[in-house]
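Residue-level structure breakdown
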Amino acid sequence: MSKNNELYVQKNALCALKAGDDGVKVTVIGTGWVGLTTAAVFAFLGNDVIGYDVNEKLIEELRAGRVPFFEPHLEELTREGLANRRLSFTTDIGAALSTAEIIFLAVGTPPAPDGRGVEMSFVSRAATVIGENLRPGKLRVVVNKSTVPVGSNGWVDSFIRQGLAQQGDAGPVDFVVASNPEFLREGSAIADTLYPDRVVIGATDARAIEALTRLYHPILTQDFTPPSFLPRPAGRGKVPLVVVDPVTAELIKYAANAFLATKISFINEIANLCDFVGANVKDVARGIGLDHRIGEAFLNAGIGWGGSCFPKDVIALIREAEAYGYEAKLLKAAYEVNAAQRFVVIRKLQEVLKTVRGKTIGILGLAFKPNTDDLRGAPALDIIRKLGELGAIVRAYDPVAMHRCRAEVPDLPASYANDIYNLATGADALVLVTEWEEFTQANWADIARLMRTPVVIDGRNALNKKYLEGLGFVYRGVGV
Ligand SMILES: NC(=O)c1ccc[n+]([C@@H]2O[C@H](COP(=O)([O-])OP(=O)(O)OC[C@H]3O[C@@H](n4cnc5c(N)ncnc54)[C@H](O)[C@@H]3O)[C@@H](O)[C@H]2O)c1
């Protein structure tokens with residue numbers, strides 16, 4: 001779509017709307033982190049939302065107002081939606097689709113089992129089932145929110161058509177597929193959805209753009225009353241709407257994650273150099289980040305990125321390039337730097353303890369970042385496995401992720417502590433892997449007394465080096 005067209009569509013779509021319009025009937029397919037957040041937020045904004053998932057146990061929990069994963073305020077918002085009947089959950093796809101005007105696809109797109117691309121079977125299955133169950137009637141806009149390889153918009157369309165074909169001669173079904181990539185971060189998912197930096201719509205059909213712009217109107221204009229627990233950030237103005245074609249929208253999502261991942265790998269490479277030359281990476285990051293062309297965000301050196309998105313999205317973009325015979329050298333390097341970076345803490349342990357064999361190492365944090373219990377791609381798991389291989393006795397503590405870790409990674413060579421002080425007792429070293437506030441705010445004087453030897457490896461540069469050294473700790477950060 002040309003720039004002029006884009007502006008024309010945005011202007012007209014926004015003009016056609018006003019605050020107080022009736023809510024939109026929304027169905028969300030897949031009620032995990034992204035789907036449930038989307039469902040709860042749009043219900044909060046006055047729409048009628050049905051969440052559908054194939055996981056019966058999950059739907060049972062959600063119906064009872066319990067969110068079985070950790071995301072700040074999501075349970076509160078879900079309960080509010082259930083109480084005012086704006087939000088409901090079902091495993092019945094027919095019921096889920098019967099009234100829908102906008103259908104979001106928010107199913108998982110994990111790495112493919114061979115690690116070489118994206119597992120798209122959840123998307124294809126969901127799209128086929130949508131096709132099998134859409135009935136003739138008003139226009140339905142099917143919106144792909146899952147992060148998918150470029151070109152998936154048309155691919156989803158083809159699976160919906162295959163599903164429709166299964167129905168036989170049910171009459172004409174009017175639908176259009178659009179892309180609406182998701183940029184939320186776990187740990188601040190609701191804030192990111194209510195107060196996003198931008199909304200991206202990938203569509204060429206004016207009706208799809210109009211429907212999505214109508215749904216997003218309160219967010220774009222910021223004219224909703226914020227939830228009591230999440231006030232609107234000071235200075236938060238209107239939210240830019242980026243309307244592009246679907247392929248561009250899909251690439252925007254991958255490019256955003258690849259850029260952020262590369263920025264972290266970049267500063268980690270500088271941090272490793274700082275360790276050699278004796279410079280301080282925190283000061284380097286500030287010194288370069290104050291340049292507005294660079295910016296200070298995402299320049300925290302440490303053990304690198306993990307999670308359910310960055311690793312798989314960077315790989316997906318590398319594979320995408322390969323499909324066209326292009327080698328994405330920069331992205332490959334960013335990935336490789338990151339894959340090695342998590343083991344920097346082991347090198348530092350070996351520097352201080354000489355050998356880790358038979359030593360008790362306490363791991364502070366399992367989740368891939370604070371304020372989530374998500375363990376997908378978590379550096380802690382690789383670090384623990386490596387320490388296990390090296391003969392260390394590994395203990396771990398995480399404020400929220402231990403329950404999930406026991407269930408999802410039963411063979412992890414680690415035992416669990418009740419809290420940070422229990423973890424510290426008798427430990428030869430602690431490794432900070434996830435920068436939970438509970439760890440940065442802990443009583444480190446008590447911790448020093450409880451440890452066999454007060455050694456701390458700060459994999460996130462989140463602790464106060466001078467203060468800890470004053471308490472008698474041997475402190476090692478990454479590039480500081
Ligand atoms: N988690 C994040 O921080 C984040 C951020 C931005 C984008 N994304 C993208 O959003 C998508 C969803 O991610 P997520 O973290 O919410 O995944 P998730 O694994 O938490 O949730 C996916 C849900 O989809 C359900 N599902 C699978 N197949 C289904 C089907 N055929 N019909 C109905 N439900 C089905 C699963 O049961 C599960 O509950 C992915 O493409 C991801 O890359 C995730």
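The shown structure was predicted, so the numbers you read here are calculated from the model rather than taken from an experiment. (Residues numbered from 1 in each chain as written. Predicted model: local features only at pLDDT ≥ 70, side-chain atom pairs only at ≥ 80, totals over all residues. Heavy atoms only, no water.)

With numbering matched to this structure, UniProt assigns "domain: UDP-glucose/GDP-mannose dehydrogenase C-terminal" (unreviewed entry) to residues 362–465. In this annotation, residues 362–465 is assigned 34% helix and 17% strand; the end-to-end C-alpha distance for the span is 18 Å. (UniProt positions renumbered as here; feature names shortened; annotations may be inferred. Helix = DSSP H or I, 4+ residues; strand = E, 2+ residues; numbered from the N terminus.)

It is worth spelling out the packing of aromatic side chains at this point. Inspection of the entire model under this criterion finds eleven aromatic pairs. By the ring-pair criterion, three or more aromatic residues cluster together here, those being Phe-298, Trp-305, Phe-310 and Tyr-335. (Phe/Tyr/Trp six-rings, centres within 6.5 Å; stacked < 30°, edge-to-face > 60°.)

With the rule as written, the count across this model stands at 26 salt bridges. Between Asp-48 and Arg-86 there is a salt bridge; the shortest N-O distance is 3.0 Å. A residue pair is termed long-range when its members are at least 10 positions apart, and Asp-48 in strand β2 (residues 48–52) and Arg-86 in the loop between α4 (74–83) and β3 (87–90) qualify at 38 residues. Residue class for Asp-48 comes out partly exposed when judged on its relative accessible area of 26%. Residue class for Arg-86 comes out partly exposed when judged on its relative accessible area of 31%. Of the charged contacts, one joins Asp-446 and Arg-449 as a salt bridge, the two residues approaching to 2.4 Å between their closest N and O atoms. Taken together, the positions of Asp-446 and Arg-449, both in helix α19 (residues 444–450) and three residues apart, correspond to about one turn of that helix. (Salt bridge = Lys/Arg side-chain N within 4 Å of Asp/Glu carboxyl O. Buried < 20%, exposed > 50% of the residue type's maximum accessible area, 1.4 Å probe, protein only.)

Another point: the environment of Arg-116. With respect to the helices and strands, the residue Arg-116 is situated in the loop between β4 (102–105) and α6 (121–133). What makes Arg-116 partly exposed here is its relative accessible area of 48%. For the pair Arg-116 and Phe-310, spaced 194 residues apart in sequence, the C-alpha to C-alpha distance is 14 Å.

With respect to topology, six strands assemble into an open sheet ordered β11-β10-β9-β12-β13-β14, the strand pairing being parallel. Here the strands that pair on one side only, and so sit at the sheet edges, are β11 (415–416) and β14 (474–476). Here strand β9 (residues 360–364) pairs with strand β10 (residues 393–397) via five bridges, running parallel. Each bridged residue has a counterpart across the sheet, and for Ile-363 the counterpart in β10 is Ala-396. Along the sheet face, helix α14 (residues 344–353) touches β9, β12 (429–432), β13 (455–458) and β14 and points at about 155° away from the line of β13. (Pairing = 2+ DSSP bridges. Contact = heavy atoms within 4.5 Å. Axes fitted to C-alpha atoms, helices over the stretch in contact; angles between N-to-C directions.)

Right, let's talk about the domain arrangement of the chain for a bit. Examined at the domain level, the chain breaks down into domain 1 (3–242), domain 2 (254–340) and domain 3 (342–476). Using C-alpha coordinates to define each centre, domain 1 is positioned 30 Å away from domain 2. Contact residues are listed per partner, giving 14 residues for domain 1 and ten residues for domain 2. Here domain 1 and domain 2 share an interface that buries about 840 Å² over both sides, 54% of which is from carbon and sulfur atoms. When residues of domain 1 are sorted by the area they lose upon contact with domain 2, Arg-116, Thr-147 and Val-150 head the list and together hold 45% of the total. Partitioned by chemical class, the residues of the side of domain 1 that touches domain 2 number seven nonpolar, four polar and three charged. (Domains from an automatic or database assignment. Buried area = accessible area lost by both parts, 1.4 Å probe. Nonpolar A, V, L, I, M, F, W, Y, C, P; charged D, E, K, R; others polar.)

Let us now look at the confidence of the model for the chain. Per-residue pLDDT for the chain averages 94, and the proportion of residues at 70 or more is 96%. For residues 1–20, every residue scores under 50 in pLDDT, and the model assigns this stretch 27 contacts once sequence neighbours within four places are set aside. (pLDDT = per-residue confidence, 0-100.)

Around the ligand lies a shell of 26 residues, among which Val-34, Asp-53, Thr-109, Glu-186 and Lys-312 are the nearest. Between the ligand and Val-34, the relevant distance is 2.8 Å, taken from an oxygen atom to a main-chain nitrogen or oxygen of the residue. Asp-53 is positioned such that a nitrogen or oxygen atom in its side chain is 2.6 Å from an oxygen atom of the ligand. Mapped onto the shell around the ligand, the elements with two or more residues apiece are α2 (33–44) and α6. Each of domain 1 (3–242) and domain 2 (254–340) gives at least three residues to the shell around the ligand. (Near = heavy atom within 4 Å. Polar contact = N/O pair within 3.5 Å; in protein donor to acceptor, adjacent residues only side chain to side chain.)

Of note in this structure, His-73 is not a glycine but carries a positive phi near 70°. Relative to the helices and strands, His-73 resides in the loop between α3 (56–63) and α4. Of the residues examined, His-73 reaches a relative accessible area of 28% and is grouped as partly exposed. Even without a glycine there, the phi angle at Asn-461 is positive, about 50°. The topology assignment puts Asn-461 in the loop between β13 and α20 (465–470).

Let us look at the nonpolar core. The biggest cluster of nonpolar side chains holds 54 residues, and the ones touching the most others in it are Ile-363, Leu-366, Leu-387, Leu-430 and Trp-444. If one sorts the elements of this core by residue count, helix α15 (residues 379–389) sits on top with five residues. Sequence-distant contacts of Trp-444, that is, excluding residues within four places in its chain, are made with Leu-364, Ile-420, Leu-430, Phe-439, Val-456, Leu-463, Tyr-467, Leu-468, Leu-471 and Phe-473. Val-26, Val-67, Ile-102 and Tyr-216 belong to the second-largest nonpolar core, a separate cluster that totals 48 residues. (Core = buried A, V, L, I, M, F, W, Y, C linked by side-chain atoms within 4.5 Å.)

One way to put it is that α6 packs onto helix α7 (residues 152–166) with a least axis distance of 6 Å and a crossing angle of 40°. Between α6 and α7, the angle falls in the class oblique. Note on packing geometry: the crossing formed by α6 with α7 is right-handed. Seen from α6, the contacting residues are Val-123, Ser-124, Ala-127, Thr-128, Gly-131 and Glu-132; seen from α7, they are Trp-155, Val-156, Phe-159, Ile-160, Gly-163, Leu-164 and Gln-166. Residues belonging to the contact of α6 with α7 are distributed by class as follows: seven nonpolar, five polar and one charged. (Parallel < 35°, antiparallel > 145°, perpendicular 65-115°, else oblique. Left-handed = near helix turned anticlockwise from the far one by under 90°.)

We now examine a nonpolar patch on the surface. A cluster of nonpolar side chains, contributed by Leu-273, Phe-276 and Val-277, occupies part of the molecular surface with about 370 Å² of accessible area. On the secondary structure map, Leu-273 appears in helix α10 (residues 246–277). (Patch = residues over 30% accessible without salt bridge, like charges linked within 9 Å, V, L, I, M, F, W, Y side chains within 5 Å. Areas by Shrake-Rupley, 256 points an atom, 1.4 Å probe, with all protein chains shown as cover.)

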